[in-house]
Amino acid sequence: MVNRCGLLTAQREPVPLKSVEVELEVRDHVATVVSTLNYENKEDKPIEAVFVFPLPGDAAVCHFSAMVGQTQIVAEVKEKQKAREEYDDALSSGQQAFLLEESDQSPDIFTLSVGSLPPGESASIRLEYVTELAVQADDGLRFCLPAVLNPRYQPQGSEGPSVQVTSVPASLVPYSLSFSARVSSPRPVSKVESNCPLDPLQYLNTEQTQATVKLAAGHKFDRDVELLIYYKDAHQPSAVVEAGQTSAKPGTLMGDPVVMLSLYPEFPQAVMSSVASCGEFVFLLDRSGSMDCRTNNSKQQETRIGSARDTLLLLLKSLPMGCYFNIYSFGSRYEHIFPKSVEYSQKTMEDALKKVEEMGADLGGTEILKPLKHIYSQPCIQSQPRQLFVFTDGEVGNTKEVIDLVKKNSGSHRCFSFGIGEGASSALINGLAKEGGGHAQFITGTDRMQPKVMQSLRFALQPAVVDISVTWDLPKGVSVTVLSPPITALFQGQRSLIYAQLTGQSSEAAEGCVTVKYSLAGHPSQNQLNFSLKPAEDTGLTVHRLAAQTLIRSLEMEERERRGEQDGGVKKKVVELSVQSGVSSAFTAFIAVKKGDGEAIQGPLLRRNVPTRRLLNRICCSAADRGFSVRGMSKGFVSSPSDHLFDVKMARPPSHRSIQIASRWDASAEPQQPLRDPFLQLISAQKASGCWVLHPALAAALGKTSEELENPKPALVNQEVWATILALIWLHGFKMDAQQEWELLAMKAVSWLRAQNAACVTECVEAGNALLGCKVQKDALGL
């Protein structure tokens, strides 16, 4: 009889995981994370506990150990198959064993197996990883602790076995989780923000360069925990040299010093303020069932697909005349609005917006590979550089296949990616942007999608940086081996990281210099950074581990590209580097065995799958849109039988998109009812050329009647000029908080006004201010 007290799963099975404690240490832009998982077997038989959980996709897992009673067992990194065999052998001979391995499909999913935990026994698992923090648009550094692991959609016919995820709604996760952070930097820490309630920031010194923060008591881990860390001064280029491991052989990666360079290129203002008037813009939108979920757990929040539709409206209104565009959407199949990219005009924009408004989360699974292959098969348009924007909640099982395809086509386009909602795969979103030479953004919690997407559009409209080269000037006797892949993209204010191994001897006072050369809009430019070769103190082996992880990921990709060549040389290199550095890889695993005089176990161990979190409404809406029962998931959906708490059949609901389109976006129709948001209504009324016309839709957006709009118009001014100036005044007067969202379409409007050589502009601005109750200066409008 199984003991039913203590922690139980939804299937009334005892859960051996009691609690998880997470400690974060941030040094400038590098984070070290230590997670402690406490297990206890309250059953009357030995058990095996299996926990599948998410980690950041670029994390370098570098330590794994177990404390059983008073004994600590530190795991070793070994080739994956050997580690699995050692684990199985240990269990069958009655010994305790612990195995930690990365998923074959995606580097942001790990499986932890705690084997042969005797009745009444406790075990404490310690897991440590290091990761770089991404710079956000507002200069904040983003750390994300993934607490939510959503089932990943595995397309039929894709490579490898799927990961079995046992997940329950976050509110029913039967173990506790605590989180605290310590932040230190040469610069003062100005603030730390989070999508979860925080206790007040505690400074540890008068300079405010060190601080601690923790989650407020009573927090339910029903979402990923996101921290945004802000320092007082802007990010500066920097270099950290870290001494090699004394026990490692000189000339090896771990035995030599390693330098981490952080570069922040500054481009000339004249180039940055100009916006390209060409380009082929391809938008790829996820319409799988899970996109019908809310962006976060609140009932008021708009659905992901609704937010994506509004974002596409802004994007289409902000595109420059003369460019080309197309919109693809995907689920289990894919659709496109035009057979091939078309020139941007009033007609093509209107046709696209009508189709966008009809888009629902109704295309089934998340098969992104096929539409990507189709997009890449289309010939590029001469003098129109291709820019690909991918919007997805990142629930795919074939992450590596997708990223490999983007890398293969990286010479023909730039890829900008957007991870929507909790649990979006960081490996997928960051990998798309990294290999596609673009930029990645995550939209979680109460984030609005639009400002983040418009920042990426600004990046896409900047001239591409080309001919990037990095040269090193080092003292005699010191040579350099660059460990990072070549830099393929540079963006204003965005960090580029380079890791390099320094071999040879130099004096402590010696200096090195690195020069990054590139061409921007036909102008050759360069940035230089001088740095001391003296090793930093107190960094441990953090830089070495991050460098090893960077090299491991590059070699893994090379191995996948050369899969046909069966010499196994690249895989062998990865295993050697992983074992030497103590950093996990796709081909290795951490294994720890507690040697003892245990007796061989008769019969199979009881297996207990520890549930991870998923969002409650996700599984319902995903299942409903795909038209199958929640208990019996479709063949392509990665989950285990113990996932499902409901046993209800859910038929496909009637399409909720069957509303009158004209009442929402179509500026050519008399509005039947006011739009939910006057801002979106105003944007909807703008023409592709950048101007507005006097129309009931514009009057409704501005909160006036058509007569109230027409009467104050100066006599010599045509209607379009007057309407456009009114729209600009309203944006500047009432929507400055959303300036990032409308800045590009306002620039287009100002360009259109200048081209008209309109008379009486000053008089129009004065009359417009009086009508709308604003005090916007003519200069502020850019006129």
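Please refer to the structure placed before this passage.
The rules behind these values
Residues numbered from 1 in each chain as written. Predicted model: local features only at pLDDT ≥ 70, side-chain atom pairs only at ≥ 80, totals over all residues. Heavy atoms only, no water. Helix = DSSP H or I, 4+ residues; strand = E, 2+ residues; numbered from the N terminus. Expected span 1.5 Å × (residues − 1). Contact = heavy atoms within 4.5 Å. Phe/Tyr/Trp six-rings, centres within 6.5 Å; stacked < 30°, edge-to-face > 60°. Lys NZ or Arg CZ within 6 Å of the ring centre and 35° of its normal. Pairing = 2+ DSSP bridges. Axes fitted to C-alpha atoms, helices over the stretch in contact; angles between N-to-C directions. Core = buried A, V, L, I, M, F, W, Y, C linked by side-chain atoms within 4.5 Å. Buried < 20%, exposed > 50% of the residue type's maximum accessible area, 1.4 Å probe, protein only.

Student: An account of helix α4 (residues 346-357) is needed here, citing residue identities and associated values.
Tutor: Helix length check: α4 (12 residues) gives 17 Å between terminal C-alpha atoms against 16 Å at 1.5 Å per residue, within 8%. For α4, the elements touching its buried residues are α3 (304-318), β21 (324-330) and β23 (342-343).

Student: Now, about the packing of aromatic side chains: what can you tell me, with residues and values included?
Tutor: Evaluation of the coordinates by the stated rule reveals 15 aromatic pairs. With a centroid separation of 6.4 Å and an interplanar angle of 90°, the aromatic rings of W472 and F531 are classed as edge-to-face. Separated by 59 residues along the polypeptide, W472 in strand β27 (residues 465-473) and F531 in strand β31 (residues 523-532) bring together distant segments of the chain. A network of ring pairs unites the aromatic residues F283, F389, F391, F416, F418, F459 and F491 as a single cluster. The cationic tip of K191 hangs over the ring face of Y230; the distance from NZ or CZ to the ring centre is 4.6 Å.

Student: Please provide a residue-by-residue account of the sheet that holds strand β19 (residues 258-263), values included.
Tutor: Across the sheet, four strands lie side by side as β18-β19-β29-β28; this open sheet has antiparallel pairing. Edge positions in the sheet fall to β18 (238-242) and β28 (479-482), since each has one partner strand and no second. Across this sheet, the average inter-strand angle for adjacent strands is 25°, counted without regard to direction. With respect to the sheet, helix α9 (residues 542-561) is in contact with β18, β19 and β29 (496-503), its orientation differing from that of β19 by roughly 80°.

Student: Hey, could you go over the nonpolar core for me, with residue numbers and the actual values?
Tutor: Note that soluble globular proteins tend to have their nonpolar side chains buried in a common cluster. Membership of the largest hydrophobic core comes to 82 residues, with the highest contact counts inside it found for F281, F283, F391 and W692. One finds V26, L141, A181 and F590 within the second-largest nonpolar core, a separate group that totals 53 residues.

Student: Tell me about unusual backbone geometry, residues and numbers included.
Tutor: For residues other than glycine, phi is negative in most cases, and the peptide bonds are mostly trans. One non-glycine residue, D139, lies in the positive phi region at around 75°. One can find D139 in the loop between β10 (134-135) and β11 (141-145). Residue class for D139 comes out partly exposed when judged on its relative accessible area of 35%. Although it is not a glycine, S383 sits at a positive phi angle of roughly 65°.

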